[in-house]
Amino acid sequence: MRIAFIGPPGAGKSTQAKRVARSLPSHNRSPRFSSGELVRAEIEAGTELGREVAGYHERGERVPDEAILSLLLPRLRRAGGFMLDNFPATVGQARALDEDLEENGAGGLTRVVCLEGPSDEDLVERILGGRRTSRATGEVYHLEHDPPPRPEERLDPGAFQERDDDTGEATRAHLEAWRREAEALKGHYGERGLLEVVNARGPMAEVTEAILEALGHPERPEYYASQRGI
Ligand code: ADP
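Residues numbered from 1 in each chain as written. Predicted model: local features only at pLDDT ≥ 70, side-chain atom pairs only at ≥ 80, totals over all residues. Heavy atoms only, no water.

K.L.:
Teacher, can you tell me more about the sheet that holds strand 2 (residues 32-34) here?
P.N.:
To summarise the sheet geometry, strands pair through backbone hydrogen bonds and adopt either a parallel or an antiparallel arrangement. Strand order across the open sheet formed by five strands is 2-3-1-4-7, with parallel pairing between neighbours. The open sheet has two edge strands with one neighbour each: strand 2 and strand 7 (195-199). When strand polarity is set aside, the average angle formed by the axes of neighbouring strands in this sheet is 20°. The pairing of strand 1 (residues 2-6) with strand 4 (residues 111-116) spans four bridges and is parallel. Opposite A4, over in strand 4, you have V112 as the bridge partner. (Pairing = 2+ DSSP bridges. Helix = DSSP H or I, 4+ residues; strand = E, 2+ residues; numbered from the N terminus. Axes fitted to C-alpha atoms, helices over the stretch in contact; angles between N-to-C directions.)

Right, dumping it as structure tokens:
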């Protein structure tokens with residue numbers, strides 16, 4: 001399956017991309033590619049590209065399309081299936097992705113899941129009120145809604161990342177950037193019959209259920225028997 005998760009910051013794209021991947025049968029699990037994680041890794045490693053994009057990232061601005069595309073596209077060409085987390089974020093990126101998948105015979109996206117619904121206040125609370133991201137696994141937690149494992153559970157996620165975009169200013173900038181692009185991006189995939197808008201307001205397990213339902217329940221054997229997707 002080639003699924004893209006889009007939506008405002010804090011809607012739960014990372015959380016749900018992982019939950020959905022985990023609920024699929026193991027032979028159909030797909031790697032997750034998060035544009036944010038790839039950008040942060042380049043910045044931390046101090047690469048040339050990392051240095052180029054550090055300023056944008058810190059201010060909560062979107063990094064230029066070419067930078068994101070050069071990080072993402074080569075990885076996607078090698079992966080049969082994938083879950084895209086926060087990519088594409090612009091119509092320009094969406095077009096470049098469509099073309100690249102087509103040129104490389106990889107097949108287009110299976111579905112685009114747009115997570116929407118929480119109020120701005122809730123989105124900001126989810127990000128600033130307790131989001132924690134594991135440096136080692138990229139796993140996202142929330143101190144209140146989805147607490148990290150306790151030491152006795154022996155699933156220690158290690159140190160958390162310092163995310164310089166977890167500030168009020170960067171979060172507002174991300175929200176505005178999403179608003180500017182949302183209708184055009186949803187229109188792009190809506191016209192192609194790929195868009196599924198899922199209400200992301202409820203508790204995480206409920207949102208996962210709604211996504212699996214919108215995808216036609218790929219976690220169930222019938223999905224593959226009816227050869228609906230992949
Ligand atoms: P995004 O990738 O869309 O920016 P995240 O997956 O990082 O969003 O989620 C933002 C924060 O909100 C995280 O701390 C996550 O644990 C929490 N969160 C995600 N989904 C929900 C939900 N349905 N209810 C409450 N908190 C949530």
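K.L.:
How should I be thinking about the pairing of strand 3 (residues 82-85) in this particular structure?
P.N.:
Side chains on a regular strand alternate between the two faces of the sheet. Here strand 3 shows two buried faces, one formed by F82 and L84 and the other by M83 and D85. By the bridge criterion, four bridges tie strand 1 to strand 3 in an arrangement that is parallel. Opposite R2, over in strand 3, you have F82 as the bridge partner. In this structure, strand 2 lies alongside strand 3, joined through three bridges in parallel fashion. Its bridge partner lying in strand 3, F33 is registered against L84. (Buried < 20%, exposed > 50% of the residue type's maximum accessible area, 1.4 Å probe, protein only.)

K.L.:
Where do I start with the packing of aromatic side chains in this structure?
P.N.:
Centre distance and the angle of the planes are the two values used to describe a pair of aromatic rings. One pass over the structure, following the stated rule, counts two aromatic pairs. Relative to Y224, the ring of Y223 lies with its centre 4.9 Å away and its plane at 75°, an arrangement referred to as edge-to-face. One exposure class covers both Y223 and Y224, and it is buried. Above the plane of the ring of Y56 lies R59, whose end atom (NZ or CZ) is 5.7 Å from the centre. (Phe/Tyr/Trp six-rings, centres within 6.5 Å; stacked < 30°, edge-to-face > 60°. Lys NZ or Arg CZ within 6 Å of the ring centre and 35° of its normal.)

K.L.:
Would you take a moment to explain the site of the ligand for this structure?
P.N.:
Neighbouring residues of the ligand: 17 residues in total, closest K13, T15, R131, Y141 and G202. Here A11 contributes a backbone N or O atom positioned 3.3 Å from an oxygen atom of the ligand. In the environment of the ligand, an oxygen atom lies 3.0 Å from a nitrogen or oxygen atom belonging to the backbone of G12. Of all the secondary-structure elements, those providing two or more residues to the shell around the ligand are helix 1 (13-23) and strand 6 (140-142). (Near = heavy atom within 4 Å. Polar contact = N/O pair within 3.5 Å; in protein donor to acceptor, adjacent residues only side chain to side chain.)

K.L.:
What should I look at first to understand the packing of helix 1 against helix 8 (residues 204-214) in this one?
P.N.:
Across the interface, helix 1 lies against helix 8 with an axial gap of 10 Å and an inter-helix angle of 65°. Seen along the crossing, helix 1 lies across helix 8 with a hand that is right-handed. Counted together, T15, Q16, R19, V20 and S23 of helix 1 and M204, A205, V207, T208, I211 and L212 of helix 8 form the full contact between these two elements. The residue makeup of the contact of helix 1 with helix 8, split by class, is six nonpolar, four polar and one charged. (Left-handed = near helix turned anticlockwise from the far one by under 90°. Contact = heavy atoms within 4.5 Å. Nonpolar A, V, L, I, M, F, W, Y, C, P; charged D, E, K, R; others polar.)

K.L.:
Would you mind going over the UniProt feature "binding site: AMP" (unreviewed entry) in the protein with me for this structure?
P.N.:
If you check UniProt for "binding site: AMP" (unreviewed entry), the listed places come out as S35, R40, Q93 and R163 in our numbering. Across 129 residues in sequence, these annotated residues place their C-alpha atoms as far as 23.8 Å from one another, rather than forming a single compact spot. Relative to the elements of secondary structure, Q93 occurs in helix 5 (residues 91-103). Apart from residues no more than four positions distant in its own chain, Q93 is found in contact with R62, D65, I68, L69, F87 and P88. (UniProt positions renumbered as here; feature names shortened; annotations may be inferred.)

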